Amino acid sequence: MEKALTREEMRELDRKAIEEYKIPGIVLMENAGRNVAEEILKMLDNPQQTKVAILCGKGNNGGDGFVVARHLHNHDISVCVFLITRISDILKDGDASTNLHILLNMKIPVIETYDIKGVNNIIRELNNYNILVDALFGTGLSGEVREPFKTLINGINNSNKPVVSIVIPSGLDCNTGKTLGTAIKATKTVTFAAPKKGFYSEDGPNYTGEVLVTDISIPKHLLI
């Protein structure tokens, strides 16, 4: 098994790649999102009749989801991004902002919501989709999952749809593998650079599904 990383180790790996090796964060995000899109494409028997819902939070995990949406759209997959925050909050700055701007310019559907009523509408809408992408929380989450995310995660788990989680199933603690109140039960987890420590302890093995570790261009010797 490859070395599994804590959230602090992963954060330091990202920092070194960006600050010391001068790999722009947006390049890492692009590679991450493209990798996830490629794994989703492998799951499709009939791409032209597949609809993919991408559920995004406000951080870089959501930014990865925006990249996934663009790549799937460019492969003629019907996609919709459900954003659990205000579009205007994302557009202020950062790599996620850049990728959301691109989606909006491409006229890819982005639906924003930030309350329980809106989340319940999304849960009903998910019945119309074949695959769900979890881009809500990344490895940084360490506190209890709060509303409206708690209701959304429970709704996703009850949907009986295949779920692809980006980096880590949202709600799973990266370090301990414990669920933080609730967590996505992924069919497949596409993670980057190395597995995460929480995948292999406590609740982790019951939530990650198939784990795929992909390369996003972080210098390999940093992982040794």
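Above this text sits the structure in question.
Along every chain, residues carry numbers that run from 1 in the direction the sequence is written. Given that this is a predicted model, residues contribute local features only at a pLDDT of at least 70 and side-chain atom pairs are listed and counted only at 80 or more, while totals for whole chains, interfaces and linings are drawn from all residues. Note that water and hydrogens are dropped before the side-chain values are worked out from all heavy atoms of the structure.

A.B. asks: Run through the pattern of salt bridges, naming residues and quoting values.
C.D. replies: Salt bridges are defined as contacts in which a side-chain nitrogen from Lys or Arg sits within 4 Å of a carboxyl oxygen from Asp or Glu. Going through the model one piece at a time under the given rule, you end up with eight salt bridges. Taking the shortest distance from any N to any O, the salt bridge between R15 and E20 comes out at 3.0 Å. Residue R15 is classed as partly exposed on the basis of its relative accessible area, which comes to 28%. Between K92 and D89 there is a salt bridge, and its shortest N-O distance comes to 3.5 Å. Taking relative accessible area as the criterion, K92 reaches 61% and is therefore assigned exposed. Overall, the relative accessible area of 36% leaves D89 in the partly exposed class. Only protein chains enter the accessibility calculation, which uses a 1.4 Å probe. A residue is then buried if its area is under 20% of the maximum for its type, exposed if over 50%, and partly exposed in between.

A.B. asks: How would you explain the packing of helix α6 (residues 116–125) against helix α7 (residues 149–157) if you had to name every residue and give the values?
C.D. replies: Between two packed helices, both the angle of their axes relative to each other and the distance between the axes serve to describe the pair. A fitted line through C-alpha atoms serves as each axis, taken over the contacting stretch for helices, and the angle formed by two N-to-C directions is quoted from 0 to 180°. Note on conventions: DSSP H or I runs of at least 4 residues are helices, E runs of at least 2 residues are strands, and numbering of each starts at the N terminus. The contact between α6 and α7 brings their axes to 9 Å, and the two run at 10°. As the angle between them shows, α6 and α7 are arranged roughly parallel. Residues I116, V119, N120, I122 and I123 of α6 form the contact with α7, whose own contacting residues are T151, L152 and G155. An angle below 35 degrees is read as roughly parallel, one above 145 as roughly antiparallel, one from 65 to 115 as roughly perpendicular, and any other as oblique. The contact criterion used is simple: two residues touch if any of their non-hydrogen atoms lie within 4.5 Å.

A.B. asks: For the packing of aromatic side chains, give the residues involved together with the corresponding values.
C.D. replies: Each aromatic pair joins two rings of Phe, Tyr and Trp (for Trp, the six-membered one) with centres within 6.5 Å, and gets the label stacked for planes under 30 degrees apart, edge-to-face for over 60, and tilted for any other angle. In this structure the tally under the stated criterion is three aromatic pairs. Judged by centre distance (4.8 Å) and plane angle (50°), the ring pair of F137 and F149 falls under tilted. One end of the pair, F137, is in the loop between β4 (131–135) and α7; the other, F149, is in helix α7, and 12 residues separate them in sequence. Ring geometry for F199 versus Y200: centroids 6.2 Å apart, planes at 70°, classification edge-to-face. Each ring is checked for a lysine NZ or an arginine CZ that lies within 6 Å of its centre and within 35 degrees of its normal; such an atom marks a charge sitting over the ring. A cation sits over an aromatic face here: K51 above Y129, 4.8 Å from the ring centre.

A.B. asks: Describe the side chain of T189, with residues and values.
C.D. replies: Mapped onto the fold, T189 is located in strand β6 (residues 188–192). Since its relative accessible area comes to 0%, T189 is described here as buried. The contacts of T189, once residues within four sequence positions are left out, are S165, V167, I168, P169, F199, T208, E210, V211 and L212.

A.B. asks: Report on the pairing of strand β2 (residues 78–83), specifying residues and quantitative values.
C.D. replies: Of all the six residues making up β2, five are buried; the element is thus mostly covered by neighbouring parts of the structure. Sheet topology note: the strand β1 (residues 51–56)/β2 ladder contains six bridges and is parallel. Within β2, the residue paired with V52 across the bridge is V79. For the crossover from β1 across helix α3 (residues 60–74) to β2, the handedness is right-handed. When DSSP finds at least two bridges between two strands, those strands are taken to pair. Handedness of a crossover: with both strands directed away from the viewer, a clockwise path from the first strand across the helix to the second marks it as right-handed.

Any functional reading would require information beyond the geometric quantities listed.
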